[in-house]
Amino acid sequence: MSQNIVHIENLVKRYGDLVALNHLNLDIKEGEVFGLLGPNGSGKTTAINCMLSLLKYDKGTIEIFGEPMSPDNYQVKKQIGIVLQNVAVFEELTVQENIDYFCGLYISEKKKRKQLVEEAIQFVGLEDYRKMRPKKLSGGLLRRLNIACGIAHKPRLIILDEPTVAVDPQSRNKILEGIQELNRQGSTIIYTSHYMEEVEQICTRIAIMDHGRTIASGTKEELKQMIKTGETITIESVLLDEKNLREIQALNHVFDVHYESQILTVRCTGAKHNLIRILNYLQSQELAFGRVFSELPTLNDVFLEITGKQLRD
Amino acid sequence: MLHLVIYNVKVKLRNFGTTFWPLAFPLILGTLFFFAFGNINDADFETVPVAVVKEEHADQVFLAFLDQIKNGEDQLLAPEEMTEEQAKEKLEDKKVSGIYYVGSEPTLTVAASGIEESILQSVLQSYENTRSTVQNIMKTHPEGIIEGLKAMMKQQDGVQELSLGGRTIDGNVQFFYALIAMGCLYGCFIGFGAAISLQANLTALAARRCVTPTHKLKLILSEQISSFLLGYVDVIILLLYLRYGLKLDFQGQMGRMLLICFLGSLIGVSMGIFVGSFGKMKEGAKIGIILGISMICSFLAGLMNNTMKDMVEKHAPLINRINPAALISDAFYCINVYDDTARYHRSLITLAVMSLVLVTASFLLIRRERYDSI
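Residues numbered from 1 in each chain as written. Chains lettered and ligands numbered in written order. Predicted model: local features only at pLDDT ≥ 70, side-chain atom pairs only at ≥ 80, totals over all residues.

J.: I'd like to hear about the overall build of chain B, residue by residue, with values.
T.: Per the secondary structure count, chain B includes 16 helices and 4 strands. With 374 residues in all, chain B has 38% of them scored as buried. Within chain B, counting contacts between residues at least 6 apart in sequence, those at least 24 apart form 76% of the total. (Helix = DSSP H or I, 4+ residues; strand = E, 2+ residues; numbered from the N terminus. Buried ≥ 20, exposed ≤ 12 C-beta atoms within 10 Å, placed from the backbone. Contact = placed C-beta atoms within 7 Å.)

J.: Describe the sheet that holds strand E2 (residues 18–29) of chain A, listing the residues and the values that go with them.
T.: Residue and element names in this part refer to chain A. Across the sheet, which stays open at both edges, the 4 strands sit in the order E2-E1-E4-E5 with antiparallel pairing between neighbours. Either end of the sheet is taken by a strand with one partner, and the two such strands are E2 and strand E5 (67–68). Looking at chain direction, strand E1 (residues 4–15) and strand E4 (residues 59–64) are connected through 5 bridges and run antiparallel. Bridged to His7 within E4 is Glu63. (Pairing = 2+ DSSP bridges.)

J.: An account of the environment of Arg156(A) is requested, with residue identities and associated values reported.
T.: Residues and elements named next belong to chain A. Its place among the elements puts Arg156 in the loop between helix H5 (139–151) and strand E7 (157–161). Between the C-alpha atoms of Arg156 and Ser187, which are 31 residues apart in sequence, the distance is 4.8 Å. Arg156 has contacts with Gln79, Ser187 and Thr188, leaving out every residue within four places of it along the chain.

J.: Any details on the interface of chain A and chain B? Residues and values, ideally.
T.: Chain A puts 25 residues into the contact, and the matching count from chain B is 24 residues. Put simply, the parts of the chain that give the side of chain A that touches chain B at least two residues each are helix H2 (74–77) and helix H3 (95–104) of chain A. Sorting elements by how many residues they give to the side of chain A that touches chain B places H3(A) first, with 3 residues. By residue class, the composition of the side of chain A that touches chain B is 15 nonpolar, 4 polar and 6 charged. (Nonpolar A, V, L, I, M, F, W, Y, C, P; charged D, E, K, R; others polar.)

J.: Provide a residue-level description of the packing of H3(A) against H5(A), including the pertinent values.
T.: Residues and elements named next belong to chain A. Where H3 meets H5, the closest approach of the two axes is 7 Å, and the angle between their N-to-C directions is 30 degrees. In terms of axis orientation, H3 runs roughly parallel to H5. Here H3 runs over H5; the crossing is right-handed. Here H3 contributes Val95, Asn98, Ile99 and Phe102 to the contact with H5, which in turn contributes Leu145, Ala148 and Cys149. Residues of the contact of H3 with H5, tallied by class, amount to 6 nonpolar, 1 polar and no charged. (Axes fitted to C-alpha atoms, helices over the stretch in contact; angles between N-to-C directions. Parallel < 35°, antiparallel > 145°, perpendicular 65-115°, else oblique. Left-handed = near helix turned anticlockwise from the far one by under 90°.)

J.: Would you mind going over H5(A) in detail, with residue names and values included?
T.: Residue and element names in this part refer to chain A. Compared with an ideal rise of 1.5 Å per residue, which puts 13 residues at 18 Å, H5 spans 19 Å between its outermost C-alpha atoms and is within 8% of the ideal. Extensive coverage of H5 is indicated by the burial of 11 of its 13 residues. All of the buried residues along H5 are Leu141, Leu142, Arg143, Arg144, Leu145, Asn146, Ile147, Ala148, Cys149, Gly150 and Ile151. Turning to H5, the residues buried within the fold contact strand E6 (80–83), H3, helix H4 (110–124), E7 and helix H6 (169–184). (Expected span 1.5 Å × (residues − 1).)

This is the structure in structure tokens:
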């Protein structure tokens, strides 16, 4: 079994009366792509900043690579790559200079650094922009530069805090593929996001956060097994009355019915023929309907069932 | 370290705000000073017109004295004899600067106060002093009157204003020493910017730098060195501009002046880094503090009033011992005016020690800094 690369125990952080981290516990194993998923304000970035010893915290312990983390634990810091939520590069330096500057904070050997900088530029696909200053770059390219600055020194642990915010789909895909590649190359990844699709796509293990605490954690399959929802069926353009809704609710394996703007959403437990059962009912009642969708549970369903609210609320 | 210094210099050089104003402002101020009073000692005074009204028992010697001044090489005065009415009318019309009433005791009437009126007063005073001396000699040693007059003539020729160290005594140069001191202290803005770039609670970039394994002392020192280099170059440009551009009378050795600027820039940058390193204060408040410190120090060193430093020395000498602007200004005085090497060295050592203390304090302030919020 892989060893814990990050161990957080009972972490409490308060901003006045607001509890930003409420006895947070996390264990992240070497080789994982670990996703911290939660809505804005759930405490993801605060947790990251505490891990990096940027923020004071009220209680708890943080260990990275088996050592207590502190602002002057330079040996630990040397093995970490950071991509912060806000782009943190020098406006006055070119793309290449920025990557070289940050790489130089970890790697002093000039020859080695030169090679690493070149690899980082190629990795994020900024070969054609190396002489450009950041203000000339689009949002997506800027994010890629931010990532290059964080990973150029080939760290053992890479922390990416919402690296795809305000990024176009093309750059987003490039970034996500890059993160998976970094993991294949041996880095452990901590990835925070409020985009569940991204987390589902790349993370091997996920912790869902809300109000500063972990409400569920595991692989995506494990998380989905934790909830009742096995299938969500959506039927558009259907006219239903109260009686119809009661009868649908009474069908086998249906546990939640939602009807709004002529759209019916039915959540069923994991069972065979849920869709056929519902369509048969509509047919028997001679009710016309439009498009039909059947979806397996998502992380949003997990979040919804546990917290009673949508992930993007 | 070199890697950091090179990039820090690049960043600062390419940042217009950081580079331009700390250089431009002292240059502009120096130029304004120069045109305001920089060459006041060389100014050509125009001949002062003065009315002469003869009264009963007019002092013929004074009339002859005025005549001598009128025809003298300097043509300091242009006396014109006229009636009292005419004289008053001309004084009212500002066609003359004053009226000498020449009776047995000459008197002066003026309608304003200014340089021309002061000259008229000075001429009369000079005459009265001389007359009094001659009368004393006549009373006590009439036989020595010829020798006495010769001695008085000799005294006039022999008196030459010199500073204690045999160098310039141009009082206005004090302003320029204070200006250079201000230029040095303006390095605090460069240092301040550098310190801010290490405060993780203020910018994402600073947060990013703080989570790297580079030792905080190394980060601070690299910022200190790069800020100092820029600040020092700025002050050298200012010094060269004053010395060779405006041709001010700086007679000290250039090497010694550069050494003052070196330590002056060091203290300026160190002050900025120190203030910028206060963790809990807002950036605007910090800017207010460094602006206040640099201006108050420069003011007390005589930037706006050339007697200020002397007043401080008289009433609160300790301030002059710890005010970096006063120390810089004083060091310039030591090599340009007093030729006082011991005092020069004392000022430089004080500046160096203060810089060291400030950088150490800055390091201690942000060494293990963790923030309440980011």
